[in-house]
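# Structural overview for review
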Amino acid sequence: MSASSIRLPLWARAVASAGTSPAGQILLGVDYYPDQTPEALWEEDSRMMSEMGFTNVRIAEFAWALMEPSEGKFEFGWLHRAIQILHKHNIGVILGTPSAAPPPWLSAKYPDIFEVNAQGQRLRPGGRRFTCPTNPVYRKLSLAIATQMAKKFGETEGVIGWQIDNELTLGTSLRCYCNFCQAGFQNWLRTRYTTLDNLNQSWGTVFWSQTYTDFSQVPVPLLSGGDPNPGLALDYDRYQSYANVSFTEEQLTMLRQMCPTHFVTTNNVGLLDTIDMCDLYAKLDFAAFDNYPGFFDMLMAQEGKPPSSDGIATTISLGHDLARSVKGGEPFMIMEEQSGKAGQRTFAPQPEAGQVRLWTYQAVAHGAMGVNYFRWDTATFGAEEYWHGILNHDRSKSPAYEEIRQTVKELKALGQEVLYSQYAAQMALVFDYDCSWALKIQPGHYALDYMNQVTSWYGAISASHTGIDVIAPEADLSPYKIVFAPLAYVMSEKQAAKIKSFVQGGGMFVTNFRLGVKTETSQIVRTPLPGLLRDVMGVTVADYVPIYSAKNAVKFAPALAGPDGECGLWADILQPTGAEVLASYTKGSHAGEAAITMNTVGSGKAVYIGADLDGASLARVLRTLSGLAGIKPPLEVPPGIELTVRRAGDKQWTFVLNHTAVSQSVSIPKTFTDLLTGKTRTGKIDVSGYGVEVLQSA
Ligand code: GLA
Ligand code: ZN
């Protein structure tokens, strides 16, 4: 079992330097915009924040124009005054470097810095995040303003840490395709492949006469007369991720030198990001991301996705588990947590009473040791006038104001022992950027989507409430009883070797269709599928079948007993070479052939789910397999209730989170104390709509 310690001296230091009471072991703050607020209100704002119990703010991440009104002329007086006032009220400051929003003088003078989108159109200034991550002038000027900030505030009392940039890739275009990126890509390829011959072989450029005789001929995957080479396209996604990481690291190196006592992070958009999070946070102190459950709910509705019993709670949990796992289980921070109506042109409603508190506990249960609410006041100007904060447009208190105040108070009272306890995971879910990018490039079926698959697998397995780490493909699997890897389309030799030894050592590996199809350079393997995992899975793939109107169905063997399932988007037709058959197709020319198999290797099992199962069947199958692997839910709870268990020594706490609007009853076999109310809880308890309990064994 993996038990990652949440303890990290950094947090104690950060909280201590934020000037808060020793009882507060957690950063609880707000995103604040003194640059957008009349100076006469800063004192009142700081006093109110302090009264709410906040320990910190994040400020200045979009204030480049105020800090550098013309090139090389810096004005930090206003920011210094704001920091002083905040500090006087015991509010620590996380400073944002402002590279996400270059000022108009810069755009006018250096139009080369503008991003080019995937359609080849050059973005224009006027919004934000219209910049190229490779462009040397943009990098130089971003580093220059960040350096001046570090010089000015490196030793200023009250400053505790840094956020580099803001959501590096979340603009209207996720990647840049400009000439600077092309040159950067070519250099990156020189390092990766060393020789042109190696590059040509690795991509198979002989196809369509694409053999390169100089690195400078390699294009970026912009519109051509046909699709790009899949190897080039996948490498381009890797390059763009790398370019953003190296952009971040330029500022990080400087901050390490100039502000050695401060923490440094950046805020990304979690699951939606196009930067590999493991790479992004490798050298930063902790992962931080922005969490807007209601806004995502609105986006899902816009995409016509049906609502689930817990709204999008499981997707949000997946984001938290990813953020914790990218730093090997260390605490992470929510740099922006939704507190009000959220959106720009259209917006999500005010969270229901209790939801902001619930989302906060959800983050903390999964290992967050910092939550900043977005945002303090609500702007009356600018593109985000409808993105509501804790104060309304007229500065009256929003419906979440009291709730946040109460939550902050509770969390501070919860104490170090619970907050620093361990998040224990017996299961792991593989999250593989290569697979997600390669499948965007060639999904095989218009509706096949890596994120959708990962999210529905996570939703199914999280129902066992035993803790899930979300791991990189080549991570150590030995801590887990069971490892799930949906759509493991690109397979490296190293990953395959780890899977084999995990299964041989007694683990259960569960995967599905499109397994092991591609090499790391996005060529298709020359052996029968599933390529490198043929032996361990004990099958070969006789055929792979995208499904449109002629749906298939599967019949389950007794081990997975249940009503026949639907097979929606895809069917890998399996031919056992040693594996037992757990389900078969019932329709079409493949009727009677294997749809799900399980192979026994050493003391472990390898399960291949060839069919894209309907939600109910997938949930039952994954749950049955988890049971076979020895996973036992800590408590049986109704849908919509989330449990997260945390441990320290022989002590244990169970966070019970009700993501539904109505009261739910939960049977608990032992006697617990709810740490939030001090009440004894035993037998059948009612957890109120959007309610939270932190149960400690009596
Ligand atoms: C993001 C950004 C913020 C702000 C909020 C609300 O995630 O980081 O600057 O735009 O969302 O839109
Ligand atoms: Zn570019």
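Because the structure is a prediction, the values reported are computed rather than measured. (Residues numbered from 1 in each chain as written. Chains lettered and ligands numbered in written order. Predicted model: local features only at pLDDT ≥ 70, side-chain atom pairs only at ≥ 80, totals over all residues. Heavy atoms only, no water.)

### A few points about the pairing of strand β16 (residues 482-485)
Burial along β16 is two-sided: the residues I482 and F484 and V483 and A485 are all buried. Bridge analysis of strand β14 (residues 427-430) against β16 gives three bridges, and the strand direction is parallel. Each bridged residue has a counterpart across the sheet, and for L429 the counterpart in β16 is F484. What joins β16 to strand β17 (residues 508-512) is helix α18 (residues 493-504), and the crossover it makes is right-handed. (Buried < 20%, exposed > 50% of the residue type's maximum accessible area, 1.4 Å probe, protein only. Helix = DSSP H or I, 4+ residues; strand = E, 2+ residues; numbered from the N terminus. Pairing = 2+ DSSP bridges. Right-handed = clockwise from strand over helix to strand, strands pointing away.)

### So, helix α2 (residues 42-51)
Buried residues of α2: W42, D45, S46, M48 and M49, and no others. Take α2 and look down its axis: the buried residues cluster within an arc of 165 degrees, on one side only. In the core, the buried residues of α2 are packed alongside β2 (27-31), β3 (56-59), α4 (77-88) and α14 (401-414). A positive phi of about 90 degrees marks G53, the residue just after α2. (Arc of directions from axis to C-beta. Contact = heavy atoms within 4.5 Å.)

### A word on the packing of aromatic side chains
In the structure shown here, the tally under the stated rule is 31 aromatic pairs. Ring centres 6.2 Å apart and planes at 15 degrees place the aromatic pair Y446 and Y548 in the stacked group. Remark: Y548 occurs in the loop between β18 (539-546) and β19 (552-556) and Y446 occurs in the loop between α16 (433-441) and α17 (450-462); sequence separation between them is 102 residues. Judged by its relative accessible area of 73%, Y446 is exposed. For Y548, a relative accessible area of 44% gives the class partly exposed. Here a set of aromatic residues connected by ring pairs shows up, and it is made of Y177, F185, W188, Y193, W203, Y212, Y236, Y239 and Y242. The cationic tip of R514 hangs over the ring face of Y544; the distance from NZ or CZ to the ring centre is 4.7 Å. (Phe/Tyr/Trp six-rings, centres within 6.5 Å; stacked < 30°, edge-to-face > 60°. Lys NZ or Arg CZ within 6 Å of the ring centre and 35° of its normal.)

### So, the packing of α4 against helix α6 (residues 136-153)
One way to put it is that α4 packs onto α6 with a least axis distance of 12 Å and a crossing angle of 45 degrees. The angle between α4 and α6 places the two elements in the oblique class. Remark: the crossing between α4 and α6 carries right-handed chirality. Contacts from L79, H80 and I83 in α4 reach M149, K152 and F153 in α6. Grouping the constituent residues of the contact of α4 with α6 by class yields four nonpolar, one polar and one charged. (Axes fitted to C-alpha atoms, helices over the stretch in contact; angles between N-to-C directions. Parallel < 35°, antiparallel > 145°, perpendicular 65-115°, else oblique. Left-handed = near helix turned anticlockwise from the far one by under 90°. Nonpolar A, V, L, I, M, F, W, Y, C, P; charged D, E, K, R; others polar.)

### Brief notes about the state of the cysteines
Within this structure, the stated rule accounts for zero disulfides. In this structure C435 is not part of a disulfide, and its nearest cysteine sulfur, from C278, lies 13 Å away. Free of any disulfide, C567 has its nearest cysteine sulfur in C435, 20 Å distant. (Disulfide = S-S within 2.5 Å.)

### As for the sheet that holds strand β7 (residues 267-268)
Read from one edge of the open sheet, nine strands run β6-β5-β4-β3-β2-β12-β9-β8-β7, paired in parallel fashion. Each having just a single partner strand, β6 (263-265) and β7 make up the two edges of the open sheet. Bridging between β3 and strand β4 (residues 92-96) involves four bridges; their strand directions are parallel. Among the inter-strand pairings, V57 is bridged to a residue of β4, identified as V93.

### A few points about the confidence of the model for the protein
With 97% of its residues at a pLDDT of 70 or more, the protein shows a mean pLDDT of 95. Per-residue pLDDT, averaged within each element of the protein, yields its smallest value for strand β1 (residues 2-4) (46) and its largest for β17 (99). Taken as a whole, residues 1-7 scores under 50 in pLDDT and shows 35 contacts with residues more than four places along the chain or in a different chain. (pLDDT = per-residue confidence, 0-100.)

### Overview of the side chain of R129
Structurally, R129 can be placed in the loop between α5 (104-109) and α6. Since its relative accessible area comes to 6%, R129 is described here as buried. Looking at R129, its side chain comes within polar contact range of the side chain of Y138, at 3.0 Å. A polar contact of 3.2 Å, which involves the side chain of R129, links it to the backbone oxygen of L168. (Polar contact = N/O pair within 3.5 Å; in protein donor to acceptor, adjacent residues only side chain to side chain.)

### Looking at the site of ligand 1
The immediate surroundings of ligand 1 are formed by F62, R128, N166, E167, N267, D290, Y292, E336, Q344, F374, E384 and W387. The contact in question runs from an oxygen atom of ligand 1 to an N or O atom on the side chain of E167, over 2.3 Å. Side-chain polar atom of E336 to an oxygen atom of ligand 1: 2.7 Å apart, as the coordinates give it. The fraction of the free accessible surface of ligand 1 (300 Å²) that becomes covered by protein chains is 95%. (Near = heavy atom within 4 Å. Areas by Shrake-Rupley, 256 points an atom, 1.4 Å probe, with all protein chains shown as cover.)

### Focus on the coordination of the zinc ion (ligand 2)
Listed as protein donors to the zinc ion (ligand 2) are C132 (SG), C176 (SG), C178 (SG) and C181 (SG); their distances from the metal cover 2.3 Å. Because the angles between the four donor atoms bound to the zinc ion (ligand 2) fall within 97 to 123 degrees, the donor set is best described as tetrahedral. All donors to the zinc ion (ligand 2) come from one chain, and their sequence spacing reads C-x43-C-x1-C-x2-C. Taken as a pair, C132 in the loop between α5 and α6 and C178 in the loop between β5 (159-163) and α7 (179-193) lie far apart in primary sequence, 46 residues in all. On the basis of relative accessible area, C132 is assigned to the buried category, the value being 0%. (Donors = N, O, S within 2.8 Å, 3.2 Å for Na, K, Ca; no water. Tetrahedral: all angles 85-135°; square planar, octahedral: opposite > 155°, others 65-115°.)

### Observations regarding unusual backbone geometry
Residues other than glycine predominantly adopt negative phi, and peptide bonds predominantly adopt the trans conformation. Of the consecutive residues F374 and R375, the connecting peptide bond is found in the cis state with omega at -15 degrees. With respect to the helices, strands and loops of the structure, R375 is situated in the loop between β12 (368-374) and α14. Cis geometry marks the peptide bond from L529 to P530, where omega comes out at 10 degrees. You can see P530 is positioned in the loop between β17 and α19 (534-537). Positive phi values are uncommon outside glycine, yet T194 reaches one of about 60 degrees.

### Brief notes about empty space enclosed by the protein
Overall, the coordinates contain three cavities of 30 Å³ or more when judged by the stated rule. Put simply, the largest cavity is a space of about 100 Å³. Around the largest cavity, the lining is made up of 15 residues, and of these E115, T131, P133, L168 and N244 lie nearest the centre. Ranked by the residues each element gives to the lining of the largest cavity, the list is headed by helix α9 (residues 230-258), at three residues. Partitioned by chemical class, the residues of the lining of the largest cavity number seven nonpolar, five polar and three charged. (1 Å grid on protein atoms, 1.4 Å probe; cavity = no way out; pocket = protein on both sides within 12 Å on 5 of 7 lines; lining within 4 Å. Points joined across faces, edges and corners; volume = space filled by probe spheres on them.)

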